[in-house]
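# Descriptive structure summary
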Amino acid sequence: MHYTLSSPVNLPVANQRLDFSVNGSPDLIIPTYYTNNSGVLDAGLTNTVPETVQLLA
């Protein structure tokens, strides 16, 4: 999953920390909690059980 952090005027926000939480059984895979120079942060979930989860950032 790719998340892009943007300012109110739709400009990318670089080097900002994002905190995530998830409910259910998946584990978060986040190489870094900071956005890159384009305001993008990559995250993944591992889960072997089909279920509905909520990911909050």
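Our structure's up above, just so we're on the same page.
Description of the structure in this document. (Residues numbered from 1 in each chain as written. Predicted model: local features only at pLDDT ≥ 70, side-chain atom pairs only at ≥ 80, totals over all residues. Heavy atoms only, no water.)

Assignment of secondary structure puts T35 in the loop between β3 (27-29) and β4 (40-42). Taking relative accessible area as the criterion, T35 reaches 2% and is therefore assigned buried. Here the side chain of T35 touches V13 through a polar contact of 2.9 Å, landing on its backbone oxygen. Setting aside residues up to four positions removed in sequence, T35 forms contacts with L5, V13, A14, N15, Q16, L18, V40 and L41. (Helix = DSSP H or I, 4+ residues; strand = E, 2+ residues; numbered from the N terminus. Buried < 20%, exposed > 50% of the residue type's maximum accessible area, 1.4 Å probe, protein only. Polar contact = N/O pair within 3.5 Å; in protein donor to acceptor, adjacent residues only side chain to side chain. Contact = heavy atoms within 4.5 Å.)

Let's shift gears to the pattern of salt bridges. Applying the stated rule across the entire model yields one salt bridge. Between R17 and D19 there is a salt bridge, with the nearest N and O atoms lying 2.9 Å from each other. (Salt bridge = Lys/Arg side-chain N within 4 Å of Asp/Glu carboxyl O.)

Quick look at the packing of aromatic side chains now. For the structure shown, the criterion picks out one aromatic pair. When the ring centre of Y33 is taken as origin, the NZ or CZ atom of R17, which lies over that ring, is 4.9 Å away. (Phe/Tyr/Trp six-rings, centres within 6.5 Å; stacked < 30°, edge-to-face > 60°. Lys NZ or Arg CZ within 6 Å of the ring centre and 35° of its normal.)

This part is about the nonpolar core. By size, the foremost hydrophobic cluster in this structure holds five residues: L18, F20, I30, L41 and A43. Ignoring anything within four residues of it in the chain, the contact list for A43 reads M1, Y3, I29 and I30. (Core = buried A, V, L, I, M, F, W, Y, C linked by side-chain atoms within 4.5 Å.)

Below, the discussion takes up unusual backbone geometry. In this model, N10 sits at a positive phi of 65°, which is unusual for a non-glycine residue. Its location among the elements puts N10 in the loop between β1 (2-4) and β2 (21-22). In this structure, N15 takes a positive phi of about 55° despite not being glycine. With respect to the helices and strands, N15 occurs in the loop between β1 and β2.

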